[in-house]
Amino acid sequence: MPDLALTRALEAILFAAEAPLTLSELTRFVGERGDLLPALRALSASYEPRGINLVERGGRWQFQTAPDLGHYLRTARETVKKLSRAAVETLAVIAYHEPVTRPEIEQIRGVAVSGGTIDVLMEAGWVRPAGRRETPGRPLQYATTPEFLAHFNLANRRDLPGLADLKAAGLLDHEPPRELPLPLGGREE
Amino acid sequence: MPDLALTRALEAILFAAEAPLTLSELTRFVGERGDLLPALRALSASYEPRGINLVERGGRWQFQTAPDLGHYLRTARETVKKLSRAAVETLAVIAYHEPVTRPEIEQIRGVAVSGGTIDVLMEAGWVRPAGRRETPGRPLQYATTPEFLAHFNLANRRDLPGLADLKAAGLLDHEPPRELPLPLGGREE
Amino acid sequence: MSEPEDFSQSVRTAPAASQLILQLGAWEGPLDLLLTLARAQRVDLAQISILALVDQYLDFIREAKALSLELAADYLVMAAWLAYLKSLLLLPKDPEAEPDPAELALKLQFQLQRLEAMRDAGQRLLARPQLGWDMFRRPKPEGLATERRAVYDCSYYDLLTAYGAITARRTKSVHVVRRRAVMALDEAIERLEYLLGRSLDWTELSRFLPGDLTDESYARSVLASSFVAALELTRQGKATLSQGAAFAPILLKPRHDG
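Everything quoted here is computed from the prediction, not taken from an experiment.

Draft legend 1. Structural detail: the overall build of chain C. Secondary structure assignment for chain C yields 9 helices and 4 strands. Reading the helices (α) and strands (β) of chain C from amino to carboxyl end gives α-α-α-α-α-α-β-α-α-β-α-β-β. Carbon and sulfur atoms provide 54% of the accessible area of chain C, an area that totals close to 14,900 Å².

Listed below in structure tokens is the structure:
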């Protein structure tokens, strides 16, 4: 392990932090000490076998309990809200295609997406508006958040299950130039 | 270390707990597994060199940051503030007339000096209380600090330009006007 | 298998249109229905026969209509579009055809594959360890403190200008009117009356002024005050004034009869 004093400081800071911290936030607390990444990686490795893990999620570092120990901790906790099928599908479309506009989501799902579906995902903190597409109409784009990655235990978007295969199969390409004139249903959920 | 699975469970439970836990509370979470104390002691020992420690306080176990690292958990964010005109003037009076009492500052400025003004100058580190004047009422005197000299790049107070210098530099803007003083009361800024 | 099969299972084993009709309303629009039908073919979506799929969809719509089930407009629009696609696919291949029916079929296939992939991805996401269920963070972290420390900005120039301003203001506020050398009117009257009493005939006013006036401003003050004193004494009937012409010497004579 590199500098023990630095490692201990990082440990204490991450433990006491109210939210996951980026490298630059960590630097503000430990002071200029060169590259923190090797120290964080070593620390993370040292926690790997433990019941507490140090993980990087979307560029932010945090401690959390090991994923296999959830059953010890669930008792007193409310269960995760059940997402509708439409919401899960919309979340997947946004995660795998981001940044993506609502018409694109509808095109992929073949259904008009109700405003409520994206709202639910934004309320959960997993989806955010991500600027406007510079095309006629300047439609709003959506993307996932670091909290989305943290929630599903993903280090970054490359960790999305099956992402590489889907890409290789061309299924994440923005479709061939002309879209099918498929009618969109008004029904969802 | 005894049972790794037990140790990991204890680790996760103590990490995610809202409050320090007693042995019997821990037992409720992990189930009957015999005496937890050896496992807790071993776990505590394994955290000893780390930035996070596992400690027992009055029969309750909890994780906390190592006591020597408190200073890492604070950071200072500097914001630049402009001194008010009243503060600059007060500072100037103190610098030219130190040690000087508040009534004297008021007399020289011709305006009542609010306590907050001197507080700001003390917060900035430029002014300090400098004992009491041995006159009736024993008023507190103020003087400048070494930081004041450092901030304005002065070797000592004698480096402050005299009135003649100020006039020559055009800083003492105009001579007292010839006409009679206006019959006004206190002139505030 | 004694357990009741779920719907997707039953579609796979018995893709009869009648069973599908019972499930009307379970689909999120025509594309969803198409995907369900495609899956019922139990072949890789990449290998699927679009023509067979189109037939299945059209059969489904026809049967639903036969049973007088309410069909959403978009299902019918899709049926019309698929019927059109089918006719294009069945016609002899025309290289000039626009749009190319084979390309349209490929796009439909792509859309079905993509929808299935996303549906699958959603399930795989849900299968992952989740925060608040599998992993937990500290519920009440102490938090990190950010102390806001103010750094005050004041230049040396600001400091000196301020002192300059105070000094200027101060000199102003303690300004004292310099005592100028003047002869007050009372004094002038008293003096003139005394001197006039000792003269007998017309005498120039200037002759009554003190002779040793070196201070010019005092001299002017004496002249002015003495002139006003002469006017005052005349008004009181103690003197008579005379002047031959403009700017001629002013003459003064006592009057004793008043």
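There's more to say after this.
Draft legend 2. Spotlight on the sheet that holds strand E4 (residues 100–101) of chain A. Residue and element names in this part refer to chain A. Read across the open sheet, the 3 strands follow the order E4-E6-E5; overall the sheet is antiparallel. The open sheet terminates on both sides in strands that have one partner only, identified here as E4 and strand E5 (127–132). Pairing between E5 and strand E6 (residues 140–144): 4 bridges, direction antiparallel. Counterpart to Arg132 in the pairing with E6 is Leu140. On top of the sheet, helix H5 (residues 85–97) reaches E4, E5 and E6; it is set at about 90° to E6, its chief contact.

Draft legend 3. A look at the interface of chain A and chain C. The interface of chain A with chain C comprises 66 residues on the first partner and 52 residues on the second. At the boundary of chain A with chain C, the tally comes to 4 salt bridges. Of the charged contacts, one joins C:Asp32 and A:Arg85 as a salt bridge, the two residues approaching to 3.1 Å between their closest N and O atoms. At the boundary of chain A with chain C, the tally comes to 13 residue pairs in polar contact (both at pLDDT 80 or more).

Draft legend 4. Region of the structure containing the interface of chain A and chain B. Between chain A and chain B, the residue contacts involve 28 residues of the former and 28 residues of the latter. Summed over both partners, the interface of chain A with chain B buries about 2,700 Å², with 57% contributed by carbon and sulfur atoms. Linking chain A to chain B there are 4 salt bridges. In this structure, A:Arg8 engages B:Asp68 in a salt bridge whose closest nitrogen and oxygen atoms are separated by 2.9 Å. Linking chain A to chain B there are 14 residue pairs in polar contact (both at pLDDT 80 or more).

Draft legend 5. Quick look at unusual backbone geometry. Residue and element names in this part refer to chain A. For the bond running from Glu98 to Pro99, omega is -5°, close enough to zero to count as cis. Of note, Asn153 is a non-glycine position whose phi angle comes to about 60°, a positive value. When you line up the elements, Asn153 lands in the loop between helix H8 (146–151) and helix H9 (163–168). With relative accessibility at 11%, the residue Asn153 sits in the buried group.

Draft legend 6. Up close: the sheet that holds strand E2 (residues 52–57) of chain A. All names here are of chain A. Taking strand neighbours across the sheet as the criterion, the 3 strands line up as E1-E3-E2 in an open arrangement whose pairing is antiparallel. Only two strands of the sheet have a single neighbouring strand rather than two, namely strand E1 (21–22) and E2. The strands touched by helix H3 (residues 37–47) within the sheet are E2 and strand E3 (60–65), with E2 carrying the most contacts at an inclination of about 140°.

Draft legend 7. Seen up close, the pattern of salt bridges. Within this structure, the stated rule accounts for 33 salt bridges over all chains. With its nearest N and O atoms 2.8 Å apart, the salt bridge here joins C:Arg39 to C:Glu116. A residue pair is termed long-range when its members are at least 10 positions apart, and C:Arg39 in helix H3 (residues 29–40) and C:Glu116 in helix H6 (residues 101–126) qualify at 77 residues. For C:Glu116, a relative accessible area of 23% translates into the label partly exposed. A cluster of three or more residues bridged by salt bridges with shared partners is formed by A:Arg85, A:Glu89, A:Arg109, C:Glu28, C:Asp32 and C:Arg119.

Draft legend 8. Summary view of the packing of aromatic side chains. Overall, the coordinates contain 12 aromatic pairs over all chains when judged by the stated rule. Between A:Phe15 and B:Phe15 the ring centres are 6.2 Å apart and the planes differ by 65°, which places this aromatic pair in the edge-to-face class. Taken together, the residues span two chains, with A:Phe15 in helix H1 (residues 4–16) and B:Phe15 in helix H1 (residues 4–16). Comparing A:Phe15 with B:Phe15, the two get one shared label, buried.

Draft legend 9. How the structure looks around the pairing of strand E2 (residues 52–57) of chain B. Residues and elements named next belong to chain B. Looking at chain direction, E2 and strand E3 (residues 60–65) are connected through 6 bridges and run antiparallel. When the sheet's bridge partners are listed, Arg57 is paired in E3 with Arg60. Here E2 folds back onto E3, and the loop between the two strands holds 2 residues, one of which, Gly58, carries a positive phi near 60°.

Draft legend 10. Structural context of the environment of A:Pro129. Residue and element names in this part refer to chain A. As for its position among the elements, Pro129 is in strand E5. Residue Pro129 is classed as partly exposed on the basis of its relative accessible area, which comes to 41%. Sequence separation between Pro129 and Ala143 is 14 residues, and the spatial gap between their C-alpha atoms is 6.4 Å. Setting aside residues up to four positions removed in sequence, Pro129 forms contacts with Met122, Leu140, Gln141 and Tyr142.

Draft legend 11. Local environment of the packing of H5(A) against helix H6 (residues 102–109) of chain A. Residues and elements named next belong to chain A. Here H5 crosses H6 at 115°, and the two axes come no closer than 10 Å. In the crossing of H5 with H6, the sense of the turn from one axis to the other is right-handed. Counting all contacts with H5, which are made through Ala86, Glu89, Thr90, Val93, Ile94 and His97, the residues of H6 involved are Ile105, Ile108 and Arg109. Along the lines of polarity and charge, the residues of the contact of H5 with H6 split into 5 nonpolar, 2 polar and 2 charged.

Draft legend 12. Representation of the environment of A:Ile105 within the structure. All names here are of chain A. As for its position among the elements, Ile105 is in helix H6. The exposure class of Ile105 is buried, given its relative accessible area of 0%. For the pair Ile105 and Ile94, spaced 11 residues apart in sequence, the C-alpha separation works out to 7.4 Å. Leaving out residues up to four positions away in the same chain, Ile105 has contacts with Thr90, Val93, Ile94, Val100, Val113 and Ile118.

Parameters and conventions
- Residues numbered from 1 in each chain as written.
- Chains lettered and ligands numbered in written order.
- Predicted model: local features only at pLDDT ≥ 70, side-chain atom pairs only at ≥ 80, totals over all residues.
- Heavy atoms only, no water.
- Helix = DSSP H or I, 4+ residues; strand = E, 2+ residues; numbered from the N terminus.
- Areas by Shrake-Rupley, 256 points an atom, 1.4 Å probe, with all protein chains shown as cover.
- Pairing = 2+ DSSP bridges.
- Contact = heavy atoms within 4.5 Å.
- Axes fitted to C-alpha atoms, helices over the stretch in contact; angles between N-to-C directions.
- Salt bridge = Lys/Arg side-chain N within 4 Å of Asp/Glu carboxyl O.
- Polar contact = N/O pair within 3.5 Å; in protein donor to acceptor, adjacent residues only side chain to side chain.
- Buried area = accessible area lost by both parts, 1.4 Å probe.
- Buried < 20%, exposed > 50% of the residue type's maximum accessible area, 1.4 Å probe, protein only.
- Phe/Tyr/Trp six-rings, centres within 6.5 Å; stacked < 30°, edge-to-face > 60°.
- Left-handed = near helix turned anticlockwise from the far one by under 90°.
- Nonpolar A, V, L, I, M, F, W, Y, C, P; charged D, E, K, R; others polar.

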